Amino acid sequence: GYKVGYKLIFFRLWKAFEQKGKLSKFIQNVVPIDVFELRKEKNVNSILNQLRIRNRPISLLGYASTFEQICKAAKNSNWDYSKNSIKSAIAISETLSEKTKKDFYSIFGRELISRYSNVENGILAQQPLSDNHYFITNNASYFIEVLKLDSDEPAKDGEAGRIVLTDLFNYAMPIIRYDSGDLGIIHQTSKGRVFKTIHGRKVDMIMDSTGTIINTNIMLLINNYPEVNQCQLIQKDKGKYLFKININADFRREKELVNDFKMYLGEEAIFDVEYVNEIPLLASGKRRVMVNEMIDPNM
């Protein structure tokens, strides 16, 4: 849906990247919005006001958690967003939940799709419109492999494995069989070889009490607890977990939440709960909802 010349509102931790000059922003028609600035309600409302006014075409690009934040703010406002200028919306860097996708479509009438990319290479895969429960890989620019977690053998169809990249055009610094640190599941379809799911970094993967990796995004269970503002699940050891919960009042459903997660992580799983005022963003501007402290982040 994006065409060259459309205004592109880019949500990112801009302080961590090289700043665009005024001329560059004007020529490219890019509006950089720092995600940390969206912690202020007035700044979020300013963005919502831009989106609801039907003027020149707008495209949106940013972290999945930013779109989640925008949807929550839009629900709390009394504005009508049915007539807007949004032509395309792409979420990057974090796992995009099905709930956020549905909320965005319900509010703005536009599909929100997920893109898989990294700083080292570029755009690796992206969901198509309409039938968007898989990722089409960028085979023109990269040779993408999915290898077993504990060896360099190819993972089987439908098996979670390490995403390993060979960049075909990066001549300045050859990147050959580069372990991206991400996990994914490749699936053979009538449309070719596609990513069924992409899980993000190994350090963000949670294991159940037996040591088996959970391929399902179990943090979607939090959608059943709308009173929770933020929640982070940390795996401290095999079968031992910590919930960090940000909530405005006393949480009366703590036991229910723990029991829900035990269904996936094992009845013998042990949970501690810590109540916090905020689950901070990383230096990258992202917020990790799952952390595995058993896994070396440098692996």
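This structure is a prediction, so every number in the text was calculated from the model and none was measured. Counting restarts for each chain: residues are numbered from 1 in the order of the written sequence. Note on the predicted model: pLDDT of at least 70 is required for a residue's local features to be given, and 80 or more for side-chain atom pairs to be given and counted; whole-chain, interface and lining totals, by contrast, use all residues. Only heavy atoms go into the side-chain values, all of them from the structure, while hydrogens and water stay out.

### Considering the overall build of the protein chain
Counting its secondary structure elements, the protein chain contains five helices and 15 strands. For the radius of gyration, the atoms used are the C-alpha atoms, and the globule rule reads 2.2 Å times the number of residues raised to 0.38. For 299 residues, the compact-globule estimate of 2.2 N^0.38 gives 19 Å, and the C-alpha radius of gyration of the protein chain, at 20 Å, lies within 12% of that figure. For the protein chain, the C-alpha atoms occupy an extent of roughly 55 × 55 × 35 Å along the three principal directions. Counting over 299 residues, the protein chain shows a buried share of 46%. By the convention used here, residues are in contact when the closest approach between their heavy atoms is within 4.5 Å. Contacts in the protein chain between residues far apart in sequence, at least 24 positions, make up 56% of those at least 6 positions apart. As displayed, the protein chain offers around 16700 Å² of accessible surface, 51% of which is attributable to carbon and sulfur atoms. Helix and strand assignments come from DSSP, with helices taken as H or I runs of at least 4 residues and strands as E runs of at least 2, each series counted from the N terminus. Partly exposed describes any residue whose relative accessible area lies between the buried limit of under 20% and the exposed limit of over 50%, with all areas from a 1.4 Å probe on protein chains only and scaled to the type maximum. For the accessible areas, the method is Shrake-Rupley and the probe is 1.4 Å, while residue cover comes only from the protein chains on display.

### A word on the environment of Asn-248
Mapping Asn-248 onto the fold places it in the loop between strand 13 (240-247) and helix 5 (254-265). Placed 21 residues apart in sequence, Asn-248 and Glu-227 show a C-alpha to C-alpha distance of 7.8 Å. Engagement of the side chain of Asn-248 in a polar contact is seen with the side chain of Asn-229, the distance being 2.9 Å. Here a polar contact is taken to be a pair of N or O atoms separated by no more than 3.5 Å, where protein atoms must pair a possible hydrogen donor with a possible acceptor and residues adjacent in sequence count only if both atoms sit in side chains.

### Notes on the packing of aromatic side chains
To pair, rings of Phe, Tyr and Trp, with the six-membered ring standing in for Trp, must have centres within 6.5 Å; the planes then decide the type, stacked if under 30 degrees apart, edge-to-face if over 60, and tilted in the middle. A full pass over the atoms with the stated rule returns 11 aromatic pairs. A centroid spacing of 6.5 Å and a plane angle of 75 degrees characterise the contact between Phe-169 and Tyr-171, whose relative ring orientation is edge-to-face. A residue is classified by how much of its surface remains accessible, and Tyr-171, at 66% relative accessible area, is exposed. Considering the side-chain rings of Phe-243 and Phe-261, the 4.9 Å spacing of their centres and the 75 degrees angle between planes classify their relative orientation as edge-to-face. Here Phe-243 is found in strand 13, whereas its partner Phe-261 is found in helix 5, with 18 residues between them in sequence. Each member of the pair, Phe-243 as well as Phe-261, is classed as buried. These aromatic residues form a ring-pair network of at least three members: Phe-11, Phe-67, Tyr-81, Phe-104 and Phe-108.

### A closer look at the side chain of Ser-180
Looking at the element boundaries, Ser-180 is found in strand 10 (residues 178-189). Take Ser-180: its relative accessible area is 7%, and that puts it in the buried class. Of the polar contacts made by the side chain of Ser-180, one reaches the backbone oxygen of Ile-163; its length is 2.9 Å.

### Things to note about the pattern of salt bridges
Throughout this description, the term salt bridge denotes a Lys or Arg side-chain nitrogen within 4 Å of a carboxyl oxygen of Asp or Glu. Taken as a whole and judged by the stated rule, the model has 10 salt bridges. Of the charged contacts in the structure, one is a salt bridge between Lys-75 and Asp-103, with a shortest N-O distance of 3.1 Å. Of this pair, Lys-75 sits in helix 3 (residues 64-76) while Asp-103 sits in helix 4 (residues 98-108), and the two are 28 residues apart along the sequence. Residues Glu-159 and Lys-148 are paired through a salt bridge, measuring 3.2 Å at the closest nitrogen-oxygen approach.

### With respect to the packing of helix 2 (residues 41-52) against helix 3
The angle between the axes and the distance between the axes are what describe a pair of packed helices. Where helix 2 meets helix 3, the axes come as close as 10 Å, and the angle between the chain directions of the two elements is 80 degrees. As the angle between them shows, helix 2 and helix 3 are arranged roughly perpendicular. For the pair helix 2 and helix 3, the contacting residues are Val-44, Leu-48 and Leu-51 in the first and Gln-69, Ile-70, Ala-73 and Ala-74 in the second. Nonpolar residues are Ala, Val, Leu, Ile, Met, Phe, Trp, Tyr, Cys and Pro. Charged residues are Asp, Glu, Lys and Arg, and all others, Gly as well, are polar. Along the lines of polarity and charge, the residues of the contact of helix 2 with helix 3 split into six nonpolar, one polar and no charged. Axis definition: a line fit to C-alpha positions, over the contact stretch in the case of helices; interaxial angles, taken between N-to-C directions, run 0 to 180 degrees. Working rule for angles: under 35 degrees goes down as roughly parallel, over 145 as roughly antiparallel, 65 to 115 as roughly perpendicular, anything else as oblique.

### Some words on unusual backbone geometry
If you check the backbone angles, Asn-29 has positive phi at about 60 degrees while not being a glycine. The residue Asn-29 is located in the loop between helix 1 (22-28) and strand 2 (30-34) in this model. On the accessibility criterion, Asn-29 (26% relative accessible area) is partly exposed. Unusually for a residue other than glycine, Arg-177 sits at a positive phi of about 50 degrees. Position of Arg-177 relative to the elements: it lies in the loop between strand 9 (160-167) and strand 10. In this structure Arg-177 comes out as partly exposed when scored by relative accessible area, which is 45%.

### With respect to the packing of helix 3 against helix 4
One can describe the packing of helix 3 onto helix 4 by two numbers: an axis separation of 10 Å at closest approach and a directional angle of 45 degrees. Between helix 3 and helix 4, the angle falls in the class oblique. Relative to helix 4, helix 3 is oriented so that their crossing is left-handed. Contacts from Phe-67, Glu-68, Ile-70, Cys-71, Ala-74 and Lys-75 of helix 3 reach helix 4 at Lys-99, Thr-100, Asp-103, Phe-104, Ile-107 and Phe-108. Class assignment for the residues of the contact of helix 3 with helix 4 results in seven nonpolar, one polar and four charged. It is the rotation of the near helix from the far one that decides the hand of a crossing: anticlockwise by less than a right angle makes it left-handed, clockwise makes it right-handed.

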